[in-house]
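# Tertiary structure, described
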Amino acid sequence: MNTDHPKDNSALRVQKGIEHPDSVNPEAVSRLMKARKSGPSVDAYVHEITAGNIMLLSKAITLIESARPEHHAIAQQIIEKCLPFTGNSYRIGITGVPGVGKSTFIEALGTQLTASGKKVAVLAIDPSSQRTKGSILGDKTRMESLANDPNAFIRPSPSAGTLGGVARKTHESIILCEAAGFDTILVETVGVGQSEVAVHSMVDFFLLLQLAGAGDELQGIKRGIMEMADAIVINKAEGENLNRAELAKREYANALHLFPKPESEWLPRVDVCSAQSGYRIQEVWDMITDYFSATRQNGYFKKKRTDQARHIMHQTIQAALGDLFYQNEALRPMVRELEAQIHNDRISAYNAAGKLMEAFIAQIRK
Ligand code: GDP
């Protein structure tokens, strides 16, 4: 847990949940908790979450993030029962290098959305948060208004585990947030590595924030990330920077034309904005809603979510099989022996893998 930067409110940095006012009588919740020493029942969780109880939503996300298998088991049951309440939300991924203005953008967009009656959840994937203790740019206070907005919920990136593990936890948290009535889910990630691929696999719309005047190599954005984007928005478009942002917009639009037509039939759009002044934030939102209308109409919205769910199922199986293999104590000496043989060029990697799989299958058949 990050205690170094207690004032840092970015979803990518804060390691503690943001406290929200309870939407139900706290005494009722406390009675509920006392009724079962081990915590509320699965049904109580589901009932309270779907009633919009933020406290129990947070608690359920803590179960998702817990390393304890019994917590994990309860979390799975809660998620399963919350699934029917999801499906009508907008899931939006937001990426860009540190400093591009993600937090400021989310603050500007989020407060605008809550003012128009929407309920906004901000989640994050930051696999580096463990290494850097969540401090990418130091302890600046961000998303202040949103953090104090009763119609917003900000949850930092789970800090422990592999990217796959962190991504899974975030995806499961999305489901619970939706069941709690959040209709707009913003998933923030730092655009410098594999994490945007993970975010892309769990959102409907993927927004890349860029700056004018810095080459792509400078911004560390790979072509693959541009290809995943449904929109590129050039931030900090104000004052002297506005012209440069407009120029960059044209360059990006030209570059995007060269990419193959996506399955969604949505041609990625480019715009400029100033998260700081609020310039064109509404237009960016209008573009996002255009995307949802178009993809709901042509069926891609549903298809993408189904594809994502199928992909998650296969990934989960692969991970579980991997765990089963690598946690098998009896195979460890053989793994070490074959590694040594590979080292001495006495066996090919494929052959060694084949022998290990045979031994593994024989083990589990016993
Ligand atoms: P993040 O690391 O991507 O989350 O970026 P932040 O939102 O923390 O912004 C980085 C810095 O850029 C902060 O000092 C912001 O105040 C500033 N910033 C963000 N958006 C804008 C903008 O639209 N215009 C200007 N001039 N500065 C901005």
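Everything here concerns the structure above.
Read on for an overview of the structure. (Residues numbered from 1 in each chain as written. Predicted model: local features only at pLDDT ≥ 70, side-chain atom pairs only at ≥ 80, totals over all residues. Heavy atoms only, no water.)

## Things to note about the site of the ligand
- Every one of the 18 residues lining the ligand counts as a neighbour, but Gly99, Ser103, Thr104, Arg142 and Glu238 are closest to it.
- With respect to the ligand, the backbone of alanine 275 contributes an N or O atom lying 2.9 Å from an oxygen atom.
- When the free accessible area of the ligand is taken as 580 Å², the share hidden by the protein chains comes to 82%.
- Here the element with the most residues in the shell around the ligand is helix α5 (residues 102-115); it accounts for three residues.
- The residue inventory of the shell around the ligand, partitioned by class, reads five nonpolar, seven polar and six charged. (Near = heavy atom within 4 Å. Polar contact = N/O pair within 3.5 Å; in protein donor to acceptor, adjacent residues only side chain to side chain. Areas by Shrake-Rupley, 256 points an atom, 1.4 Å probe, with all protein chains shown as cover. Helix = DSSP H or I, 4+ residues; strand = E, 2+ residues; numbered from the N terminus. Nonpolar A, V, L, I, M, F, W, Y, C, P; charged D, E, K, R; others polar.)

## Observations regarding the packing of α5 against helix α12 (residues 281-297)
- Their axes nearest at 10 Å, the elements α5 and α12 cross at an angle of 75°. In this view, α5 runs roughly perpendicular relative to α12, as classed from their interaxial angle. Side by side, α5 and α12 meet where Phe105, Ala108, Leu109, Gln112 and Leu113 of the first sit next to Ile281, Gln282, Val284 and Trp285 of the second. (Axes fitted to C-alpha atoms, helices over the stretch in contact; angles between N-to-C directions. Parallel < 35°, antiparallel > 145°, perpendicular 65-115°, else oblique. Contact = heavy atoms within 4.5 Å.)

## A closer look at the pattern of salt bridges
- Evaluation of the coordinates by the stated rule reveals 12 salt bridges.
- Of the charged contacts, one joins arginine 305 and aspartate 204 as a salt bridge, the two residues approaching to 2.7 Å between their closest N and O atoms. Residue arginine 305 is located in helix α13 (residues 300-326), and its partner aspartate 204 is located in the loop between α8 (195-200) and β5 (205-211); the two are separated by 101 residues in the primary sequence.
- The buried category is assigned to aspartate 204, whose relative accessible area is 2%.
- Between lysine 303 and aspartate 307 there is a salt bridge, with the nearest N and O atoms lying 2.7 Å from each other. Linking lysine 303 with aspartate 307, this pair stays in helix α13, spanning four residues, or about one helical turn. (Salt bridge = Lys/Arg side-chain N within 4 Å of Asp/Glu carboxyl O. Buried < 20%, exposed > 50% of the residue type's maximum accessible area, 1.4 Å probe, protein only.)

## As for the environment of valine 190
- Tracing the backbone through its elements, the reader meets valine 190 in strand β4 (residues 184-190).
- For valine 190, a relative accessible area of 6% gives the class buried.
- It is 6.3 Å that separates the C-alpha atoms of valine 190 and proline 98, two residues lying 92 residues apart in sequence.

## A look at the packing of aromatic side chains
- In total, this model carries nine aromatic pairs according to the counting rule given.
- Seen from their ring centres, tyrosine 90 and tryptophan 285 are 5.7 Å apart, and the 35° between their planes marks the pair as tilted. A residue pair is termed long-range when its members are at least 10 positions apart, and tyrosine 90 in strand β1 (residues 90-96) and tryptophan 285 in helix α12 qualify at 195 residues. You'll find tyrosine 90 and tryptophan 285 in the same group, each marked buried.
- Between phenylalanine 325 and phenylalanine 360 the ring centres are 5.3 Å apart and the planes differ by 70°, which places this aromatic pair in the edge-to-face class. Taken together, the residues span a long stretch of sequence, with phenylalanine 325 in helix α13 and phenylalanine 360 in helix α15 (residues 349-365) at a distance of 35 residues. (Phe/Tyr/Trp six-rings, centres within 6.5 Å; stacked < 30°, edge-to-face > 60°.)

## What to know about a nonpolar patch on the surface
- Nonpolar side chains collect at one region of the surface, where Met313, Ile317, Leu321, Leu324, Met357, Ile361 and Ile364 lie side by side and expose about 630 Å² of accessible area between them.
- Ranked by the residues each element gives to the nonpolar patch, the list is headed by α13, at four residues.
- Within the secondary structure layout, leucine 321 lies in helix α13.
- By relative accessible area, leucine 321 is classed as partly exposed at 47%. (Patch = residues over 30% accessible without salt bridge, like charges linked within 9 Å, V, L, I, M, F, W, Y side chains within 5 Å.)

## Some thoughts on α5
- With 14 residues, α5 should reach 20 Å at 1.5 Å per residue; the first-to-last C-alpha distance of 20 Å fits that figure.
- The buried fraction of α5 amounts to 10 of the 14 residues, a majority that puts the element mostly inside the structure.
- All of the buried residues in α5 are Lys102, Ser103, Phe105, Ile106, Glu107, Ala108, Leu109, Gly110, Leu113 and Thr114.
- One or two residues past the end of α5 sits glycine 117, with phi positive at roughly 95°. (Expected span 1.5 Å × (residues − 1).)

## Describing the sheet that holds strand β7 (residues 269-272)
- A sheet is described by the order of its strands in space; here seven strands give the open sequence β3-β2-β4-β1-β5-β6-β7, paired in parallel fashion. Both edges of this open sheet fall to β3 (152-154) and β7, since each of them pairs with a single strand only. Strand-to-strand twist across the sheet, computed as the mean angle between neighbouring axes with direction ignored, equals 20°.
- Pairing of β1 with β5 involves four bridges; the strand directions are parallel. Within the sheet, the bridge partner assigned to isoleucine 92 lies in β5 and is phenylalanine 205.
- Across the sheet, α5 is in contact with β1, β2 (120-125), β3, β4 and β5; its angle to β4 comes to roughly 175°. (Pairing = 2+ DSSP bridges.)

## Some details on the nonpolar core
- If you look at the biggest cluster of nonpolar residues, it comprises 51 residues, and the most contacted ones within it are Ile49, Leu57, Ile78, Leu176, Cys177 and Phe182.
- Leave out the neighbours within four places in its chain, and isoleucine 49 touches Leu56, Leu57, Ala60, Ile78, Cys82, Leu176, Ala179 and Ala180.
- Among the nonpolar cores identified, the runner-up in size contains 35 residues, and Val97, Ala147, Leu207 and Ile288 belong to it. (Core = buried A, V, L, I, M, F, W, Y, C linked by side-chain atoms within 4.5 Å.)

In short, the description is geometric, and any link to function would need to be established separately.
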